[in-house]
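For reference, the chains in residue letters:
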Amino acid sequence: MPDAALRGRATSFDIAHLAGVSQPTVSRALSGSPMVSESTRLRIEAIARQLNYRVDKNASSLRKGATQTLALLLFEDIGSDPSSINPFFLGMLGSITRAAANAGYDLLVSFQQLSPDWHLDYEEQRRADGIILLGYGDFTLYRAQLHRLVAAGTRFVRWGPVAEGEPGITIGSDNVAGGALAGAHLIARGRRKIAFLGHVSDHYPEFRDRFRGLSRACRAAGMTVDPALRADAISTEAAGEMAMEQLMARGRPFDAVFAASDLIALGAMRALARAGREVPRHVAVVGFDDIPAAGLSTPALTTVAQDVRTAGRILVETLLATLHGDTPVNRRLPVMLSVRQSCGS
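Description of the structure in this document.

This next bit is on the packing of aromatic side chains. The tally for this structure, following the rule as stated, stands at 6 aromatic pairs. Look at Phe139 and Tyr142: their rings are 5.7 Å apart centre to centre, the planes differ by 50°, and that puts the pair in the tilted class. Of this pair, Phe139 and Tyr142 both sit in helix 8 (residues 139-151), 3 residues apart, roughly one helical turn. Each member of the pair Phe139 and Tyr142 is classed as buried. A connected cluster of aromatic rings, assembled from ring pairs, spans Phe88, Phe89 and Trp159. Over the face of the ring belonging to Phe288 we find Arg210, whose NZ or CZ atom lies 3.7 Å from the ring centre. Positioned above the aromatic ring of Phe211 is the side chain of Arg230, whose terminal nitrogen or guanidinium carbon lies 4.9 Å from the ring centre.

What follows concerns the pairing of strand 5 (residues 169-173). Of all 5 residues in strand 5, 5 are buried, a share of seventy percent or more. Alternating residues of strand 5 divide into Ile169, Ile171 and Ser173 and Thr170 and Gly172, and every residue in both groups is buried. Relative to strand 5, strand 4 (residues 156-159) runs parallel, the two being bridged by 3 bridges. Counterpart to Arg158 in the pairing with strand 5 is Thr170. Bridging between strand 5 and strand 11 (residues 331-333) involves 3 bridges; their strand directions are parallel. Its bridge partner being in strand 11, Gly172 is matched across the sheet by Arg332.

Rules used in this analysis
Residues numbered from 1 in each chain as written. Predicted model: local features only at pLDDT ≥ 70, side-chain atom pairs only at ≥ 80, totals over all residues. Heavy atoms only, no water. Phe/Tyr/Trp six-rings, centres within 6.5 Å; stacked < 30°, edge-to-face > 60°. Helix = DSSP H or I, 4+ residues; strand = E, 2+ residues; numbered from the N terminus. Buried < 20%, exposed > 50% of the residue type's maximum accessible area, 1.4 Å probe, protein only. Lys NZ or Arg CZ within 6 Å of the ring centre and 35° of its normal. Pairing = 2+ DSSP bridges.

So, in structure tokens, the structure goes:
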């Protein structure tokens, strides 16, 4: 047993001496900071266990002027059902909660309206040390609020479209690559008239990038996407159902649909069934997100899967890095195609 344990309660300085590192390195390692290498963190944790050392969270928070709490603010599309939560974000919520707990932080979850002052409770009252943002509705309105957070010095990270020049640090999926995967799969299944459901504009940049990926796959196959085979939709089943009805009413033939989200795809499949058009016999369908309902639909939905487990962990790690004075960069996470029966596979 090290001598420190014999003198009384061990301190972080004792651990630093035994580990051959500085006391701030010990504090960072025991708080889960990404600034500390895995080998150093494991060595420090092993010594801390030997000394029966426990971090006094209250004292640590008082010294730092910190709350040891992270805030997760979730925004939903305007017009979506206020009694429901996008299931994609539910999956992300679980991974964020676990990652925060593993780093010794509590998580405060709040659902937000995109009003001009939604950030004030956290920025001015110091209810949390940093903020994770999920969802955004209309991105052109949301961007202005992000600029206000940056100007106020608020430490935050967001999930969404990854692009140069946007305010704050962003973690997001490779939406263009995901759209290209969906398009290439439909083309490989012999589909040639592919429709797209989802907004294609700066208001919904993730949907726009998914359409760009689809267009890229079509061009590579010597095809184009017919503008008449596009219909706007936000990420709800009702919007997907309405968009499909609008598409069918135009009378233009199509043999496949790429929906910008699984919820849109599931609503579209319901409209197709009501019209007597079988999936995948008459129309192949691909979604995006890989929510649990995608595997439970009839037929089961082929979709582009986002890695919510990795995403939640990286969001927390990135926010903690900013709290420790690091300057993390945007990250674009890979996606994969989850092939099921809605394309005839």
